[in-house]
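Remarks on the overall topology
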Amino acid sequence: MIKPFTPNDLIRYIYQEMPEVEQELLMQALHDDEHLMQEYLEMLSTIEQLDQIQFLPSEKVVKAIKSKAKSTGLQKV
């Protein structure tokens, strides 16, 4: 019987957080199960997109932080 792999298993595989024996079983399952392979590829694509996101604070937040720092006597940044 083949182990049914979950999305959590795919994440563990992507981030290399599973034992080698389990990795081999998952690789075989990816070759045999088109749906699982599609899910895996979608996760890789999502992770790649997330890695490209750059988070910048709004000007309002920056001003509020600077104002608070100035009022508490913290050093200039």
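Note that the coordinates shown come from a computational prediction; the quantities given were computed from them, not determined experimentally.

Some details on unusual backbone geometry
- Positive phi, normally seen in glycine, also occurs at Gln16, with a value near 55 degrees.
- Counting through the fold element by element, Gln16 comes out in the loop between helix H1 (7-14) and helix H2 (20-32).

Observations regarding a nonpolar patch on the surface
- Together, Leu50, Ile53 and Phe55 line one region of the surface with nonpolar side chains, adding up to about 360 Å² of accessible area.
- Among the structural elements, Leu50 can be located in helix H3 (residues 34-52).

Overview of the nonpolar core
- In terms of nonpolar packing, the biggest core is built from 12 residues, these being Phe5, Leu10, Tyr13, Ile14, Met18, Leu26, Ala29, Leu30, Leu36, Tyr40, Met43 and Ile47.
- For this core, the secondary-structure elements that each account for two or more residues are H1, H2 and H3.
- A per-element tally of this core places H3 first, with four residues.

Cut-offs applied
- Residues numbered from 1 in each chain as written.
- Predicted model: local features only at pLDDT ≥ 70, side-chain atom pairs only at ≥ 80, totals over all residues.
- Heavy atoms only, no water.
- Helix = DSSP H or I, 4+ residues; strand = E, 2+ residues; numbered from the N terminus.
- Patch = residues over 30% accessible without salt bridge, like charges linked within 9 Å, V, L, I, M, F, W, Y side chains within 5 Å.
- Areas by Shrake-Rupley, 256 points an atom, 1.4 Å probe, with all protein chains shown as cover.
- Salt bridge = Lys/Arg side-chain N within 4 Å of Asp/Glu carboxyl O.
- Core = buried A, V, L, I, M, F, W, Y, C linked by side-chain atoms within 4.5 Å.
- Buried < 20%, exposed > 50% of the residue type's maximum accessible area, 1.4 Å probe, protein only.

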